[in-house]
Amino acid sequence: MNKILVIKLGGSTLGSHDTIVADLVGLQKRDVLPVVVHGGADIVTDWLRRLGISTRFVKGLRVTDAETLKVVVAVLAGLVNKELVAAIEALGGKAIGLSGIDGGLIEAKVKDAEMGYVGEVVKVNPAPLTAILEAGFIPIIAPLSLQSPSESGEKGSILNVNGDTAAGEIAAALNAAKLVFLTDVAGIYDSSGKLIPRLSPVEATTLLTSRIASGGMIPKIEACLRALPAVPITRIIDGRLPHALLKELEGEGEGTTIA
Ligand SMILES: Nc1ncnc2c1ncn2[C@@H]1O[C@H](COP(=O)(O)OP(=O)(O)OP(=O)(O)O)[C@@H](O)[C@H]1O
Ligand SMILES: [Mg+2]
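Cut-offs applied
Sequence order as written defines the numbering, with residues in each chain counted from 1. Note on labels: chains are lettered from A, ligands numbered from 1, in written order. The model is predicted, so local features are restricted to residues of pLDDT at least 70 and side-chain atom pairs to those at 80 or more, both for listing and for counting; the totals for chains, interfaces and linings are taken over all residues. Processing note: side-chain calculations cover all non-hydrogen atoms of the structure and skip hydrogens and water entirely. Two strands pair if DSSP finds at least two bridges between them. Runs of E in the DSSP output that reach at least two residues are strands. Runs of H or I that reach at least four are helices, and both are numbered from the N terminus. For helices, the axis comes from a line fit to the C-alpha atoms of the stretch in contact; other axes are also lines fit to C-alpha atoms, and the angle between any two N-to-C directions lies between 0 and 180 degrees. Any two residues whose heavy atoms approach within 4.5 Å at even a single point are treated as in contact. When accessible area is computed with a 1.4 Å probe and restricted to protein chains, residues below 20% of their type maximum are described as buried, those above 50% as exposed, and intermediate ones as partly exposed. A 3.5 Å cut-off defines polar contacts: any pair of N or O atoms within that distance qualifies, except that in protein one atom must be a possible hydrogen donor and the other a possible acceptor, and neighbouring residues in sequence count only when both atoms are side-chain atoms.

Peer 1: Help me understand the sheet that holds strand β7 (residues 119-124) in this model?
Peer 2: Remark on secondary structure: sheet strands pair via backbone hydrogen bonds, oriented parallel or antiparallel. Pairing is mixed across the open sheet formed by 4 strands, whose spatial order is β7-β6-β9-β10. The outermost strands of the open sheet, each flanked by one partner alone, are β7 and β10 (158-160). The average angle at which neighbouring strand axes cross in this sheet is 50°, direction not considered. Two strands pair when backbone bridges link them, and strand β6 (residues 106-110) and β7 are joined in this way by 5 bridges, in the antiparallel orientation. Bridge assignment links K109 to a residue of β7, and that residue is E120. Across the face of the sheet, helix α5 (residues 163-174) comes into contact with β6 and β7 while running at roughly 10° to β7.

Okay, structure coming up:
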């Protein structure tokens, strides 16, 4: 059986490293194959501020000029990625950090010229991930991408991609058993703020068009819908709770299921 579990770690949950990292090591010991995609938008914003570079978002995506891109790459593929790998290794887990650039994992095209170096995923090449998994390591992926060689003929541009979108595309490409988003809310809330335990794809689409889901929840729901034909179950859960991942594996967790 395919036991690949694709996990998106929200930047908002990265502070609660302790149990998330311990859980990842625990999953690895239980023969689950975790594949982790991390966010880190707030940490990027903090470093841009320290460097005196202003930043702005359009529909949840960061407008990325050449200078901003350098900081995005340095912070996501460098600092955030390596801190996660170091924390996993420190607890006796085995992890390798990479970005969507490495091994040509994620190919993308420029989404909208006005957004700058922001990529729309064109293709996932899962070979680097299967090699890392077969070697017994957890791949820890920074959401960056390589400009598709078929696009423009431009040489090797790096593009910034949304972490949720990257997780959905990777889960689909790997035919993962499950896609789980760890975020800073209990799951998807309805218009009265109540947690929705379960949604069909049609209901999830309605939620998007009704604007009950907004901001950072939009790319998560879209990623679940994108993954669903290939991935049987997708979940959005509270990453702030202790041992959220282990509980998820044991089927005890709350949150929202889209399936
Ligand atoms: N209907 C909804 N139910 C729950 N949360 C919602 C809803 N609509 C919008 N949100 C927002 O989505 C946010 C989660 O997305 P957000 O992008 O902030 O976090 P993340 O993706 O986990 O972290 P990062 O973007 O740093 O990787 C919640 O904090 C909440 O404010
Ligand atoms: Mg987000």
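Peer 1: Teacher, can you tell me more about the side chain of E169 here?
Peer 2: Within the element layout of this structure, E169 appears in helix α5. For E169, a relative accessible area of 16% gives the class buried. Of note is the side chain of E169, whose polar atom sits 3.1 Å from the side chain of R226. Contact partners of E169, with chain neighbours within four places excluded, come to V121, V124 and R226.

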